[in-house]
Amino acid sequence: MALPPLFDKLRLPAVGAPQFIIANPELVIAQCKGGIVGSFPALNARPQPLLDDWLHRIKDELAAYDEANPSAPAAPYAVNQIVHKTNERLDADVAACVKHKVPIVITSLGARPEVNEAIHSYGGIVLHDIINIKFAEKALEKGADGLIAVCAGAGGHAGGLSPFALVSEIREFFQGPLLVSGAIGTGQGVLAAQAMGADLAYMGSVFIATTEANAPEAYKQMIVDSSAGDIVYSNLFTGVLGNYLKGSIVNAGLDPENLAQSDPTKMNFSSGSSKAKAWKDIWGAGQGVGAVHEVLSTADLIARLQREYDAAKRGLCG
């Protein structure tokens, strides 16, 4: 099964992952103009009515860009919905997506048929985050159009399986849209994602160190200064296992080598984050941070990724 036609506008087979707090309209618009899918969590727009303003702005700016650049239109955008039962905003946020006919909705932390049906009502597609085969099968049973394999090394909430293992197993029963994440920070990594059987690379941490990202300068610099060995995998901060920058854990007065285990039942997304420190003080990032050496504009970063991708493809063909 080929990717849906809306992905034909991509100039690089990649999706900017919807990062909590980090992803804002500026970043999304820049990603789409650069030729990759830009995305943001609905919960980033606060208070809830601000989501309508964000969607208006993204649609209007991308439409104007397309009119001025008919031969190289912007890529589509996506909105991430946390469908966990504690997200009290879900109904209102889904209604906003339906109103604006958001082309792609990414669902996380649960699979809800009624959410999928709402997005399908106007022709949108739903991609669902999964970390294992059980969740992949459940998402497809409940109506998801595609899957995002969140693998070992991915920033924020991440699974523990190798992308080589998970993608291979998914492809045994699903030939639809498949994205993969997990330490992809270069154009070579984007090509590798395709080589292992995925359609698109799902990239997050590399975009934190961009001028448009809504991150403190210290956070961006820590991304630049860190490597894979500086990433800590823990469920302490949200109740769900995720990857975080060791330096931010130390700065918060904690010992990254001796973190307690959290009770997953305490997870609560009614306010967008289950703990005040998570994401604001404890900074998420994946193992691909070693590929980030400077803070760039999103346009310059995507241009670099495109050069690396093209060179890697030429090298393999040669």
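For the structure itself, consult the block above.
Considerations on the overall build of the protein
Step number 1: When helices and strands are counted, the protein shows 10 helices and 11 strands.
Step number 2: What you see for the protein is a C-alpha radius of gyration of 18 Å, in line with the 20 Å of a compact globule of 318 residues.
Step number 3: A principal-axis box enclosing the C-alpha atoms of the protein has dimensions of 55 × 50 × 40 Å.
Step number 4: A total of 318 residues make up the protein; the buried ones form 55% of that total.
Step number 5: Within the protein, contacts between residues at least 6 apart in sequence are counted, and of these 65% link residues at least 24 apart.
Step number 6: Taken as a whole, the protein presents about 13,100 Å² of accessible surface, with 54% of it coming from carbon and sulfur.
Step number 7: Positive and negative side-chain charges in the protein, numbering 25 and 32 respectively, have mean positions lying 2 Å apart.

Details of the packing of helix H3 (residues 90–100) against helix H4 (residues 113–120)
Step number 1: Two numbers describe how H3 lies on H4: the axes approach to 9 Å, and their chain directions differ by 20°. Of the possible angle classes, the one that applies to H3 and H4 is roughly parallel. You can see that H3 and H4 cross each other, and the crossing is right-handed. Along its contact with H3, which presents Leu90, Val94, Cys97 and Val98, the element H4 presents Val115, Ala118 and Ile119.
Step number 2: Broken down by class, the residue content of the contact of H3 with H4 amounts to 7 nonpolar, no polar and no charged.

Structural notes on the sheet that holds strand E7 (residues 156–157)
Step number 1: Read across the open sheet, the 3 strands follow the order E7-E11-E10; overall the sheet is antiparallel. Single-partner strands in this sheet number two, and they are E7 and strand E10 (231–234).
Step number 2: Pairing between E10 and strand E11 (residues 242–245): 4 bridges, direction antiparallel. Along E11, the bridge assignment pairs valine 232 with tyrosine 244.

Observations regarding unusual backbone geometry
Step number 1: Going from arginine 46 to proline 47, the amide bond is cis rather than trans, its omega being -5°.
Step number 2: Topologically, proline 47 is positioned in the loop between strand E2 (38–41) and helix H2 (50–68).
Step number 3: The phi dihedral of isoleucine 21 is positive, around 70°, even though this residue is not glycine.
Step number 4: Along the polypeptide, isoleucine 21 turns up in the loop between strand E1 (14–16) and helix H1 (25–33).
Step number 5: Positioned with a positive phi, lysine 101 is a non-glycine residue whose angle comes to about 50°.
Step number 6: Among the structural elements, lysine 101 can be located in the loop between H3 and strand E4 (104–108).

Describing the sheet that holds strand E9 (residues 200–203)
Step number 1: Spatially, the 8 strands line up as an open sheet ordered E1-E9-E8-E6-E5-E4-E3-E2, and their pairing is parallel. The strands lining the two open edges of the sheet, one partner per strand, are E1 and E2. Taken over all neighbouring pairs, the strand axes of this sheet differ in orientation by 25° on average, direction set aside.
Step number 2: Relative to E9, strand E8 (residues 178–181) runs parallel, the two sharing 2 bridges. Across the sheet, the residue bridging to valine 180 is alanine 201, located in E9.
Step number 3: Contacts between H3 and the sheet are confined to strand E3 (77–82) and E4, with E3 contributing the most and set at about 160° to the helix.

As for the side chain of threonine 238
Step number 1: With respect to the helices and strands, threonine 238 occurs in the loop between E10 and E11.
Step number 2: At a separation of 2.8 Å, a polar atom in the side chain of threonine 238 contacts the side chain of histidine 157.
Step number 3: A polar atom in the side chain of threonine 238 sits 3.2 Å from the backbone nitrogen of valine 240.

Remarks on the state of the cysteines
Step number 1: In this structure the tally under the stated criterion is 0 disulfides.
Step number 2: With no disulfide of its own, cysteine 32 lies 14 Å from the sulfur of cysteine 97, the closest cysteine sulfur.
Step number 3: With a relative accessible area of 0%, cysteine 32 lands in the buried category.

Here we look at H3
Step number 1: Three or more residues of H3 are buried, namely Leu90, Asp93, Val94, Ala96, Cys97 and His100. Seen along its axis, H3 keeps its buried residues to an arc of 155°; they face one direction. Turned more than 90 degrees from where H3 packs its buried face, Asp91 and Lys99 sit exposed.
Step number 2: Where H3 is buried, its residues meet H2, E3, E4 and H4.
Step number 3: Just past H3, the residue lysine 101 takes up positive phi, approximately 50°.

As for the pairing of strand E6 (residues 146–150)
Step number 1: Within E6, 5 of the 5 residues are buried, leaving the element largely enclosed by the surrounding structure.
Step number 2: Strand direction decides the pairing type here: strand E5 (residues 125–130) and E6, joined by 4 bridges, are parallel. From the neighbouring strand, isoleucine 130 faces E6, where its bridge partner is alanine 149.
Step number 3: Since E5 and E6 lie parallel, the crossover through helix H5 (residues 133–141) that links them has a hand, and here it is right-handed.
Step number 4: Inspection of the sheet shows E6 paired to E8 by 4 bridges, in the parallel sense. Its bridge partner lying in E8, leucine 147 is registered against leucine 178.

Thresholds applied
- Chains are numbered independently. Their residues run from 1 in the order of the written sequence.
- The predicted nature of this model means local features are confined to residues of pLDDT at least 70 and side-chain atom pairs, given and counted, to a pLDDT of 80 or more, with totals for whole chains, interfaces and linings taken over all residues.
- Working from all heavy atoms in the structure, the side-chain values ignore hydrogens and water.
- Numbered from the N terminus, helices here are DSSP runs of H or I no shorter than four residues, and strands are runs of E no shorter than two.
- A radius of gyration in this sense is built from C-alpha atoms; the matching globule rule multiplies 2.2 Å by the number of residues raised to 0.38.
- Only protein chains enter the accessibility calculation, which uses a 1.4 Å probe; a residue whose area is less than 20% of its type maximum is buried, one above 50% is exposed, and one in between is partly exposed.
- In what follows, residue pairs with any heavy atoms lying within 4.5 Å of each other are defined as contacts.
- The accessible surface values rely on the Shrake-Rupley method and a 1.4 Å probe; as for residues, cover is taken only from the protein chains in view.
- His is not counted, nor are the chain ends, whereas Lys and Arg count as positive and Asp and Glu as negative.
- For charged residues, the charge sits on one atom: NZ in Lys, CZ in Arg, CG in Asp, CD in Glu.
- Only the stretch in contact is used when a helix axis is fitted, and all axes are lines through C-alpha atoms; the angle between N-to-C directions ranges over 0 to 180 degrees.
- Working rule for angles: under 35 degrees goes down as roughly parallel, over 145 as roughly antiparallel, 65 to 115 as roughly perpendicular, anything else as oblique.
- Two helices crossing with the near one rotated counterclockwise from the far one by less than a right angle form a left-handed crossing, whereas a clockwise rotation gives a right-handed crossing.
- Three classes are used, and their members are as follows: Ala, Val, Leu, Ile, Met, Phe, Trp, Tyr, Cys and Pro are nonpolar, Asp, Glu, Lys and Arg are charged, and the others, Gly among them, are polar.
- For two strands to count as paired, DSSP must find a minimum of two bridges between them.
- Under this definition, polar contacts are N or O atom pairs within 3.5 Å; protein pairs additionally need one hydrogen-donor-capable and one acceptor-capable atom, and for neighbouring residues in sequence, both atoms have to be side-chain atoms.
- For the purposes of this analysis, a disulfide is any pair of cysteine sulfur atoms at a distance within 2.5 Å.
- Arc, as used here, means the arc of the directions from the helix axis to the C-beta atoms.
- We call a crossover right-handed when, viewed with both strands directed away from the observer, the connection leading from the first strand over the helix to the second proceeds clockwise.

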